Amino acid sequence: MNAKTADPTAPDQGRIVLLTTSHRVAPGLLSWPAWQALRTADRVLCADGTHPQLPYLREAGIRVDEAAPTAEELVEACAGGRTAVVVATGEGDPALTDGLARLAGSGRVRMPELELLPASYDLPGARLLDLVQVMDRIRLECPWSSQRTHKGLAKYAIEEAYELVEAIEDGDRDELREELGDVLLQVVFHARIAEEDPDAPFSVDDVAGTIVDKLVHRHPHVFGDERADTPEEVRAHWLRTKAAEKQRTSVTEGVPLGQPGLALAAKLHSRVRTAHLDVPLPSGEGIGYELLALAARAETEGTAPEAALRAAARTYRDAIRAVEG
């Protein structure tokens, strides 16, 4: 039991506020409780004289002492009911917090009230800013990464996409998270390379802005006045909006011919069926035409033939391993 509990008549030992901030939020954008704590504190301290918050705090009229007190010194500074706010450094001042924990655990020191006050928070997606910064440095300083081109990286985008599909099929959550990161890296890497184009540069912000605009425009039932109560109505909205955007002269435009054959056949059949075109499947000799018919049948029934064949192939692989084992 500490002295504060044992002796209710003892003088107020004050309050220590450890103020934490996120480097991903612009300096000076602090929460209202943080500004209240800073303005009412008897003393504000920061061990890092180059802390990005200091110019903004001082501009707001808050005196900040550049000091790194020990736990004992900080407790003493709060005696008599005073409040000390410590603006934490990027490392979080572990020496100070560990020292305060030891004092509190000793039971020999009457401790001030201790409060951890987050002054700014990371918004969802904030770690993407870290990825952009890391990619920028790698592009500038890594001998391999600095020489990569869009064409040179193209094969990795395909490889990573297949590894992502495999992680989804395996149901491995850890692997899924890692493979999603690898796919995301390809996007950020290509966007960083694109910044250096002398004729038509664009950045990762341009990439994000383009897809945001597209998503908003193609979801008028979410961001506009239209209604869509079923997945079918959503798909109809999407197709109408996409057709108006692309102004294509053929339903085959935009279908990448480089994708796997079954997926290609299914996509073409889907475009024909959605457009209500009467285009009979071509007839011919050979397994290719048979596979084309199977792919069209699968698409009509709502089955992705490429995924179905992959699932069957995985079962076949397991059977092979069972015999080998």
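This write-up is about the structure you can find in this document.

How each quantity is defined
- Residues numbered from 1 in each chain as written.
- Predicted model: local features only at pLDDT ≥ 70, side-chain atom pairs only at ≥ 80, totals over all residues.
- Heavy atoms only, no water.
- Helix = DSSP H or I, 4+ residues; strand = E, 2+ residues; numbered from the N terminus.
- Disulfide = S-S within 2.5 Å.
- Buried < 20%, exposed > 50% of the residue type's maximum accessible area, 1.4 Å probe, protein only.
- Phe/Tyr/Trp six-rings, centres within 6.5 Å; stacked < 30°, edge-to-face > 60°.
- Patch = residues over 30% accessible without salt bridge, like charges linked within 9 Å, V, L, I, M, F, W, Y side chains within 5 Å.
- Areas by Shrake-Rupley, 256 points an atom, 1.4 Å probe, with all protein chains shown as cover.
- Salt bridge = Lys/Arg side-chain N within 4 Å of Asp/Glu carboxyl O.
- Pairing = 2+ DSSP bridges.
- Axes fitted to C-alpha atoms, helices over the stretch in contact; angles between N-to-C directions.
- Parallel < 35°, antiparallel > 145°, perpendicular 65-115°, else oblique.
- Left-handed = near helix turned anticlockwise from the far one by under 90°.
- Contact = heavy atoms within 4.5 Å.
- Nonpolar A, V, L, I, M, F, W, Y, C, P; charged D, E, K, R; others polar.

### What to know about unusual backbone geometry
- Not every positive phi belongs to a glycine, and His276 is a case in point at roughly 60°.
- Within the element layout of this structure, His276 appears in the loop between helix H12 (261-274) and helix H13 (287-300).

### A few points about the state of the cysteines
- Taken as a whole, this structure holds 0 disulfides when the rule is applied.
- Sulfur of Cys78: no disulfide; nearest cysteine sulfur belongs to Cys46 and is 16 Å away.
- Residue classification places Cys78 among the buried positions, given a relative accessible area of 0%.

### Notes on the packing of aromatic side chains
- One pass over the full model with this rule turns up 1 aromatic pair.
- When the centroid spacing of 6.3 Å and the interplanar angle of 75° are considered together, the rings of Trp144 and Tyr156 count as edge-to-face. Taken as a pair, Trp144 in the loop between helix H6 (127-141) and helix H7 (150-170) and Tyr156 in helix H7 lie far apart in primary sequence, 12 residues in all.
- Taking relative accessible area as the criterion, Trp144 reaches 42% and is therefore assigned partly exposed.
- By relative accessible area, Tyr156 is classed as partly exposed at 26%.

### With respect to a nonpolar patch on the surface
- A surface patch of nonpolar side chains, about 510 Å² in accessible area, is lined by Ile211, Val212, Leu215, Val216, Val222 and Phe223.
- Listing elements by their share of the nonpolar patch, those giving two or more residues are helix H9 (204-217) and helix H10 (220-223).
- By secondary structure assignment, the location of Phe223 is in helix H10.
- The exposed category is assigned to Phe223, whose relative accessible area is 55%.

### Examining the sheet that holds strand E2 (residues 43-46)
- Reading across the sheet, the 5 strands line up as E3-E2-E4-E1-E5 and stay open at both edges, with parallel pairing between neighbours. Strand pairing shows two members of the sheet lacking a second neighbour, strand E3 (65-66) and strand E5 (113-118), which therefore form its edges.
- In terms of strand pairing, E2 meets strand E4 (residues 83-87) through 3 bridges, oriented parallel. Looking at E4, one finds that Val44 is bridged to Val85.

### A word on the pattern of salt bridges
- One pass over the full model with this rule turns up 19 salt bridges.
- Notably, a salt bridge pairs Arg192 with Glu196, separated by 3.0 Å at the nearest N-O pair.
- Between Glu301 and Arg297 there is a salt bridge, with its nearest N and O atoms 3.4 Å apart.
- Counted as one network, the salt bridges with shared partners bring together Arg24, Asp122, Arg127 and Asp130.

### Let's talk about the environment of Trp32
- By secondary structure assignment, the location of Trp32 is in helix H2 (residues 32-40).
- Overall, the relative accessible area of 58% leaves Trp32 in the exposed class.
- Taking the C-alpha atoms as reference points, Trp32 and Ala119, 87 residues apart in sequence, are found 8.1 Å from one another.

### Observations concerning the packing of H6 against helix H8 (residues 173-194)
- Where H6 meets H8, the closest approach of the two axes is 10 Å, and the angle between their N-to-C directions is 55°. Between H6 and H8, the interaxial angle falls into the category oblique. As H6 packs across H8, the resulting crossing turns out to be right-handed. Seen from H6, the contacting residues are Leu128, Leu131, Val132, Met135, Asp136, Arg139 and Leu140; seen from H8, they are Leu184, Leu185, Val188, Phe189, Arg192 and Ile193.
- Taken together, the residues that form the contact of H6 with H8 break down as 10 nonpolar, no polar and 3 charged.

### A word on the pairing of strand E1 (residues 15-20)
- Pairing analysis gives 5 bridges linking E1 to E4, with the strands arranged parallel. Across the sheet, residue Arg15 finds its bridge partner in E4, namely Thr83.
- Examined bridge by bridge, E1 and E5 share 6 bridges and lie parallel to one another. If you follow Val17 over to E5, its bridge partner there is Glu115.

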